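# Summary of the model geometry
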There are 2 protein chains.
Amino acid sequence: MPLRSDWSDRPCTIARGIDVLGDPWSLLILREAFGGATRFEGFSRHTGITDKALSGRLKTMTENGLLERVDGPSGARPRAEYRLTQAGADALPVLHAFALWAEQHAPNVELGRLGINCRACGARARSADTCRTCGRDLDVTNTRWTWAGSRDGEQVDLDSALDNLEDKQLASR
Amino acid sequence: MPLRSDWSDRPCTIARGIDVLGDPWSLLILREAFGGATRFEGFSRHTGITDKALSGRLKTMTENGLLERVDGPSGARPRAEYRLTQAGADALPVLHAFALWAEQHAPNVELGRLGINCRACGARARSADTCRTCGRDLDVTNTRWTWAGSRDGEQVDLDSALDNLEDKQLASR
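Let us look at the structure shown here. It should be emphasised that the depicted structure is a prediction, and the values quoted were computed from it without experimental measurement. (Residues numbered from 1 in each chain as written. Chains lettered and ligands numbered in written order. Predicted model: local features only at pLDDT ≥ 70, side-chain atom pairs only at ≥ 80, totals over all residues. Heavy atoms only, no water.)

All names here are of chain A. Of the two faces of strand S2 (residues 81-84), the one lined by Glu81 and Arg83 and the one lined by Tyr82 and Leu84 are each fully buried. Bridge count for strand S1 (residues 67-70) against S2 is four bridges, and the pairing is antiparallel. Residue pairing across strands places Arg69 opposite Tyr82, the latter belonging to S2. (Buried < 20%, exposed > 50% of the residue type's maximum accessible area, 1.4 Å probe, protein only. Helix = DSSP H or I, 4+ residues; strand = E, 2+ residues; numbered from the N terminus. Pairing = 2+ DSSP bridges.)

A few words on the pattern of salt bridges. Residue and element names in this part refer to chain B. Applying the stated criterion across every chain, the model contains 28 salt bridges over all chains. Of the charged contacts, one joins Glu41 and Arg79 as a salt bridge, the two residues approaching to 1.9 Å between their closest N and O atoms. Here the residue Glu41 occupies a position in helix H3 (residues 40-45), and Arg79 occupies one in the loop between strand S1 (67-70) and strand S2 (81-84), the gap between them amounting to 38 residues. Residue class for Arg79 comes out partly exposed when judged on its relative accessible area of 30%. The closest approach of N and O atoms between Arg119 and Asp157, which form a salt bridge, is 3.6 Å. Taken together, the residues Arg119 in the loop between strand S3 (112-118) and strand S4 (143-149) and Asp157 in strand S5 (residues 155-157) connect sequence positions 38 residues apart. Judged by its relative accessible area of 30%, Arg119 is partly exposed. (Salt bridge = Lys/Arg side-chain N within 4 Å of Asp/Glu carboxyl O.)

Mapping between the two copies of the chain is achieved by a rotation about an axis and a shift along the axis. Between the two copies, chain B and chain A, the superposition gives an RMSD of 0.0 Å; the rotation angle is 180 degrees and the shift along the axis is 0.0 Å. Viewed as a symmetry operation, the transformation between the two copies matches a two-fold axis. A shared interface surface links the copies, since 100% of the contact residues of chain B are contact residues in chain A too. (Least-squares fit on C-alpha atoms with pLDDT ≥ 70 in both. Contact = heavy atoms within 4.5 Å.)

We now examine the layout of surface pockets. Approximately 540 Å³ is the volume attributed to the largest pocket. As for the largest pocket, its lining consists of 26 residues, and the residues nearest its centre are Asp90(A), Pro93(A), Leu100(B), Gln104(B) and Arg126(B). Every element with two or more residues in the lining of the largest pocket is listed here: helix H5 (86-89) and helix H6 (92-105) of chain A together with helix H6 (92-105) and S3 of chain B. Of the residues forming the lining of the largest pocket, the biggest block, six residues, is contributed by H6(B). For the lining of the largest pocket, the residue count by class is 14 nonpolar, three polar and nine charged. Empty space within the second largest pocket amounts to approximately 430 Å³. Around the second largest pocket, the lining comprises 19 residues; the ones closest to its centre are Gln104(A), Arg132(A), Asp90(B), Pro93(B) and Asp129(B). Contributions of two or more residues to the lining of the second largest pocket are made by H6 of chain A together with helix H5 (86-89), H6 and helix H7 (159-166) of chain B. Top element by residues in the lining of the second largest pocket is H6(A). It accounts for five residues. (1 Å grid on protein atoms, 1.4 Å probe; cavity = no way out; pocket = protein on both sides within 12 Å on 5 of 7 lines; lining within 4 Å. Points joined across faces, edges and corners; volume = space filled by probe spheres on them. Nonpolar A, V, L, I, M, F, W, Y, C, P; charged D, E, K, R; others polar.)

Residues and elements named next belong to chain B. Across all of its chains, the model carries one cavity of 30 Å³ or more by this definition. The computed volume of the largest cavity comes to approximately 30 Å³. Along its surface, the largest cavity is lined by Cys118, Ala123, Arg124, Ala125, Arg126, Thr130, Cys131, Arg132 and Leu138. Class assignment for the residues of the lining of the largest cavity results in five nonpolar, one polar and three charged.

For the rest of this paragraph, the subject is the sheet that holds S4(B). Residue and element names in this part refer to chain B. The strand order S3-S4-S5 describes an open sheet built from three strands, whose pairing is antiparallel. Unpaired on one side and paired on the other, S3 and S5 mark the two borders of the sheet. Strand-to-strand twist in this sheet, taken as the mean axis angle between neighbours without regard to direction, amounts to 15 degrees. Alignment of S4 against S5, held across three bridges, turns out to be antiparallel. The partner of Thr146 across the bridge, within S5, is Gln155. Contacting S3 and S4, H6 runs over the sheet at an angle of about 40 degrees to S4. (Axes fitted to C-alpha atoms, helices over the stretch in contact; angles between N-to-C directions.)

We now examine the side chain of Ser127(A). All names here are of chain A. The residue Ser127 is located in the loop between strand S3 (114-118) and strand S4 (143-147) in this model. Separated by 3.1 Å, the side chain of Ser127 and the backbone nitrogen of Asp129 make a polar contact. A distance of 3.1 Å separates a polar side-chain atom of Ser127 from the backbone nitrogen of Thr130. (Polar contact = N/O pair within 3.5 Å; in protein donor to acceptor, adjacent residues only side chain to side chain.)

The tally for this structure, following the rule as stated, stands at eight aromatic pairs over all chains. Between Phe98(A) and Phe98(B), the aromatic rings sit 6.2 Å apart at their centres with planes inclined by 80 degrees, giving edge-to-face as the arrangement. Here the residue Phe98(A) occupies a position in helix H6, and Phe98(B) occupies one in helix H6, the pair thus bridging two chains. Grouped by ring-pair contacts, the aromatic residues Phe34(A), Trp145(A) and Trp147(A) constitute a single cluster. (Phe/Tyr/Trp six-rings, centres within 6.5 Å; stacked < 30°, edge-to-face > 60°.)

Structure follows, in structure tokens:
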């Protein structure tokens, strides 16, 4: 992590989690990965990150096992894809915890919000990882995000990120 | 936030949550506040933060409504205390989400870990905010942390942080 000292040897699981996941840009890149982004321009579109910062984060996140880099077919313009690993996918509750806190304490509805719903029962999420209505896990297989505001109506079932996990073979496009 | 641009106007609740809570040092300071720290040296003891960085974070976190500054009695050495606000206390699931992720993906048991338990039923937490055994909220009133490793055996019921919320009157010490 470039912004502070190494916390990977801290005697506390909170600090060790923050060490890998606690970089603000990395969290937004994960958000885009959950939304289905796999390529450089896909990660930059909604994050506002500079190319240099994005390159650095993709490298670090790959080294840390959150993303897997898959090189495209060789050719005039080889392009890498970055797929969520299981460790990356398991970070979903961290993003949800931030969103639920902001829903309550930074709720500026005019700016828009991210709706988080259980796909099984449709209930709005009130927990970072557990549907309090039907009890199911709110993981990538069972979560739907709905954007309001500038990305109004954009909706994504997070198993599109799961497809990334399962389909490790990069198709030629 | 000093490390990047202002995200308070982002059309996404994840980004707005990260804007206030997503600074690594602030998250560790919150951890200490949940553990009962209220004073400068209390926040620095287990975090390894420099005095300068701690001063800056306490100021920002107070401005952002996560902590409330309470000035001590005037005297030769007036000392401020910083108490968790309700908004700060509501950030507990963010810390838990980091810890549960690291428990699974950075589990170096030799370094130690933070045990998170439901006080009502004693079960080990498997969710950031909901006891999956008895269904109760894992909030400050119902969570026990147990440190293993360098802080071995140190145990804290997080309602000591709640006392901070309720007792706004600073006693002379």
